[in-house]
Amino acid sequence: MFRNLKAVGRILYGRNSFNQLDELLEELRTNNDSFVVFLLDHYFEGKELQKRIPLHARDFLRMIDVTDEPKTKTVDAIVAEIKSHGNSLPVSVVGIGGGTVMDYAKATRLMLTNEGSSAQYQGLDLIKNKGVHCTVIPTISGCGAEVSMTAVLTGPVKKLGIKGNFTPADQLVIDPELIESVPDPQRFYTAMDCYIHNIEAMNGHRKTVMGNSLGVESLKLSREIFLSNDSRSPENQEKLMIASYLGGLSLTYSEVGACHAISYGLATVTGIHHGIGNCVVFNQLEEFYPEGVKEFKEMMRINNIVLPTGVTAGCTPEEIDRMIDVTLTLSFMWQHLCGTEWEKIITREKLRGLLLKM
Ligand code: NAD
Ligand code: ZN
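Every value quoted in this text rests on a predicted model; they were computed, and no experiment measured them.

Peer 1: An account of the coordination of the zinc ion (ligand 2) is needed here, citing residue identities and associated values.
Peer 2: Around the zinc ion (ligand 2), the protein contributes the donor atoms Asp193 (OD), His197 (NE2), His260 (NE2) and His274 (NE2), at 2.1 to 2.2 Å from the metal centre. Each of the four donor atoms bound to the zinc ion (ligand 2) contributes to angles spanning 86 to 170°, and the resulting shape is irregular. Sequence positions of the donors to the zinc ion (ligand 2) reduce to the motif D-x3-H-x62-H-x13-H. Taken as a pair, His197 in helix α5 (residues 186–202) and His260 in helix α8 (residues 258–270) lie far apart in primary sequence, 63 residues in all. For the pair His197 and His260, one class covers both residues: buried.

Right under this line is the structure:
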């Protein structure tokens, strides 16, 4: 069976397109009780962007602390706050920020119409009811959450996305102006999430012409940006937003691979964030992606990025074992990379050797 895939509904795109947000939301405000929920990355608290949010009298603005990656218990708390805000449901949940805030928005809008805790829905196609309208507005580029079918959450038991056709946002606003304030090395780490998505999607058994074509274009843009001497030029910022969008789409039609499988294991134990965690892992994966890793190292050199070392140095053997356990549960990623016989290739000892180099 082929999956009937879904991506983001509508896209408003262009420099300063954020100024049209009020107009976009106005179409959804059908009566006097209508209200919008805005989730905003706490980085913007008191900054110009907060003042530009078109907040109407009944709207609800909540700052999102992004120190940790999204948690199911925070989603549940946000949903409870929104429900106590009014008797009706919001006409849109708007997430303004990076992957963290966009995933909070995507999960929150689903949990407003589905019973229980978000932790119950971590997995594929577990959501029963369509969520309320959701708008995502990236302020940092690369993770692809703006288009993807998943909202990645850490629950009491596992880090796993709420994945399925109900998850993608309905509206995306791509405004290159919004990412200009992102400092390095964070900008590089999140951008490399996109580069790695493409390398992984394009190297494996689930590769498709559709995913590959999107990946080729996304990779071309990443190269133009990060192999240049001026990766922060306005043109390159715009290219980065499109590379992220295409990379997220490329993934939809393929799968991630070794880097994401290992970095999920690493994150479960160390709490390392997705972008930087992927860079630390990918840097050691010449065996699987020789050309990609070589080019990644060249991009780091040109952009003066020095990765942290000794990330697993303080870990106990039991903790390394836990990382390996989590990594091995991600069989669909390994199958994509190595085929159905992947367990003969991806041994615990191989993974231990790689992790201890990080
Ligand atoms: P992020 O949202 O975690 O933000 C990283 C940092 O950048 C934060 O400190 C944030 O405050 C800051 N920041 C954001 N915009 C800024 C701006 N304009 N100026 C200055 N600082 C700014 O970063 P991310 O890498 O986009 O997202 C990572 C998250 O996305 C992880 O939780 C990961 O699991 C998730 N993810 C989701 C998907 C998906 O398909 N849903 C895919 C990959 C990753
Ligand atoms: Zn990723």
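Peer 1: Tell me what's going on with the sheet that holds strand β7 (residues 150–154), and back it up with residues and numbers.
Peer 2: Strand order across the open sheet formed by three strands is β5-β8-β7, with mixed pairing between neighbours. One side of each edge strand has no neighbouring strand; the edge strands of this open sheet are β5 (123–124) and β7. By the bridge criterion, five bridges tie β7 to strand β8 (residues 159–163) in an arrangement that is antiparallel. Looking at the pairing, Val152 lines up with Gly161 of β8. Docked against the sheet, helix α4 (residues 99–111) engages β7 and β8, running at close to 95° with respect to β7.

Peer 1: Would you mind going over the pattern of salt bridges in detail, with residue names and values included?
Peer 2: As enumerated under the stated definition, the model contains 24 salt bridges in all. For Arg62, the salt bridge is made with Glu81, and the minimal N-O distance between the two is 2.9 Å. Linking Arg62 in strand β3 (residues 60–64) with Glu81 in helix α3 (residues 72–85), this pair joins segments that are 19 residues apart in sequence. Looking at Glu81, the relative accessible area reads 29%, which means it is partly exposed. Overlapping salt bridges, with partners in common, bring together Glu217, Lys220, Glu224, Glu235 and Lys239 in one network.

Peer 1: So what's going on with the packing of aromatic side chains? Which residues, and what values?
Peer 2: Under the criterion given, the structure shown has eight aromatic pairs. Summarising the aromatic geometry, the rings of Phe188 and Phe226 are spaced 5.5 Å apart at their centres and angled 90° between planes, so their arrangement reads as edge-to-face. One end of the pair, Phe188, is in helix α5; the other, Phe226, is in helix α6 (residues 209–226), with 38 residues separating them in the sequence. The exposure class assigned to Phe226 is buried, which follows from its relative accessible area of 0%. Both rings, one in Phe282 and one in Phe296, keep their centres 5.4 Å apart while their planes meet at 85°; by these two values the pair is edge-to-face. With Phe282 in helix α9 (residues 274–282) and Phe296 in helix α10 (residues 290–302), the pair connects residues that are 14 residues apart, well separated along the chain. You can call Phe282 buried: its relative accessible area is 0%. Assessed through its relative accessible area of 0%, Phe296 is described here as buried. These aromatic residues form a ring-pair network of at least three members: Phe188, Tyr195, Phe226, Phe282, Phe288, Tyr289, Phe296 and Trp334. Taking the ring centre of Tyr43 as reference, the NZ or CZ of Lys47 above it sits at 4.1 Å.

Procedures and definitions
- Every residue gets a number counted from 1 within its own chain, in the order that chain's sequence is written.
- Here the convention is simple: chains get letters from A, ligands get numbers from 1, in the order in which they are written.
- Thresholds applied to this predicted model are a pLDDT of at least 70 for local features of residues and 80 or more for the giving and counting of side-chain atom pairs; totals over whole chains, interfaces and linings are not thresholded and use all residues.
- Computation of side-chain values covers all heavy atoms of the structure but excludes hydrogens and water.
- Sites may look incomplete, because water is not among the atoms used; the donor set itself consists of N, O and S atoms within 2.8 Å of the metal (3.2 Å for Na, K and Ca).
- For a four-donor site, all angles between 85 and 135 degrees give tetrahedral; for four or six donors, opposite pairs above 155 degrees with the remaining angles between 65 and 115 give square planar or octahedral; all remaining cases count as irregular.
- Secondary structure elements follow DSSP: runs of H or I no shorter than four residues count as helices, runs of E no shorter than two count as strands, and numbering proceeds from the N terminus.
- Note on exposure labels: buried denotes an accessible area under 20% of the residue type's maximum, exposed denotes more than 50%, and partly exposed covers the range between, all computed with a 1.4 Å probe on protein chains only.
- Should DSSP find at least two bridges between two strands, the strands are taken to pair.
- The contact rule is simple, with two residues in contact once any of their heavy atoms fall within 4.5 Å.
- Axis geometry follows a simple rule: fit a line to the C-alpha atoms, using only the stretch in contact for helices, then measure angles between N-to-C directions, giving values from 0 to 180 degrees.
- Criterion for a salt bridge: a side-chain nitrogen of Lys or Arg within 4 Å of a carboxyl oxygen of Asp or Glu.
- When the centres of two rings from Phe, Tyr and Trp lie within 6.5 Å, Trp using its six-membered ring, the rings pair. Their planes under 30 degrees apart give stacked, over 60 give edge-to-face, and anything left gives tilted.
- Either the NZ atom of lysine or the CZ atom of arginine qualifies as a charge over a ring when it sits within 6 Å of the ring centre and within 35 degrees of the ring normal.

Take it as geometry only, folks, not as evidence of what the structure does.
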